[in-house]
Amino acid sequence: MNAEVLDEIDQSRAPLLDHLIELRRRLIYCAIAVAIAFGVCFYFSEPIFGFLLQPLLKAGQHRVIYTQLFEAFFVQIKVAFFAATMVSFPIIANQLWQFVAPGLYTKEKRALLPFLFATPVLFTLGAAMAYYIAVPMALHFLLGFQGSIGGVEREALPAIDNYLSFIMQFLFGFGLSFLLPILLMLLERAGIVTRKQLIAVRRYAIVAAFGVAAVLTPPDIGSQLLLAIPLVILYEVAIIGIWITEKRRKPAADPVE
């Protein structure tokens, strides 16, 4: 009996080691892609940061400062890494797909491919909405506190590191929030949730959407609504998408007479 157990362990060890070697290879490819993208983006870090500063410029703020000698340099590194992550995302997603795909059936591959292609599209839509709509509205509200108070002039002098963190929070927050339909549809495909369960907890999902918006956006109601309303809409889109996929799966599940 012990010999049989040892044989089973020996037989399972090789596939496990093969998977770990394959995973390491894919991670190395991802790291190389990020490193190359980082080098290119670091060279163009000033134009990239200039692009990120445009909402601040359009809001009427023509000056940013840095209060520590090394702050400007580290901001360039953060900008380069931020841009490199965005640029290399398709390669990272492709490497992840090549690692997972061999273990999937043909039907599973066909089911997951649309999600793979939809992920960067939805993330880009969310980030674009943040950059062109949400960030300008938030800046208009936050910079509106400038002026004279008791004879003392109050002026906004945003530090470059704080502003970078501010806009990155918006871009990532909106981008990830727009991936909600993909997350819910994948959970349904995995059997973790059902469409009926999502419908039953709809009211709680709406409350959660406004809670997420309150955390990720400034305290002005406009910015919060700009994130909360799309989240609610995307939740409904996920329910509709699950209903459509259920209708398509039913004919395939019916036995052939």
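This text gives an overview of the structure that appears in the document.

Parameters and conventions
- Residues numbered from 1 in each chain as written.
- Predicted model: local features only at pLDDT ≥ 70, side-chain atom pairs only at ≥ 80, totals over all residues.
- Heavy atoms only, no water.
- Helix = DSSP H or I, 4+ residues; strand = E, 2+ residues; numbered from the N terminus.
- Contact = heavy atoms within 4.5 Å.
- Areas by Shrake-Rupley, 256 points an atom, 1.4 Å probe, with all protein chains shown as cover.
- Axes fitted to C-alpha atoms, helices over the stretch in contact; angles between N-to-C directions.
- Parallel < 35°, antiparallel > 145°, perpendicular 65-115°, else oblique.
- Left-handed = near helix turned anticlockwise from the far one by under 90°.
- Nonpolar A, V, L, I, M, F, W, Y, C, P; charged D, E, K, R; others polar.

**Brief notes about the overall build of the protein chain**
- Each helix and strand counted, the protein chain has 10 helices and two strands in total.
- Helices and strands in the protein chain line up, N terminus first, as α-α-α-α-α-β-β-α-α-α-α-α.
- Excluding contacts between residues fewer than 6 apart, the proportion of contacts in the protein chain whose partners are at least 24 apart in sequence is 83%.
- As displayed, the protein chain has an accessible area near 16,500 Å², and 69% of this comes from carbon and sulfur atoms.

**Regarding the packing of helix H4 (residues 71-100) against helix H6 (residues 160-177)**
- Packing of H4 against H6 leaves a shortest axis separation of 9 Å and a crossing angle of 15 degrees. One element, H4, and the other, H6, form an angle in the roughly parallel class. Note that H4 runs across H6; the crossing there is left-handed. When H4 is examined against H6, the residues Glu71, Ala72, Val75, Lys78, Val79, Phe82 and Met86 are found in contact with a partner set consisting of Ile160, Asp161, Leu164, Met168, Leu171 and Phe172.
- Taken together, the residues of the contact of H4 with H6 sort by class into 10 nonpolar, no polar and three charged.

Any functional reading would require information beyond the geometric quantities listed.
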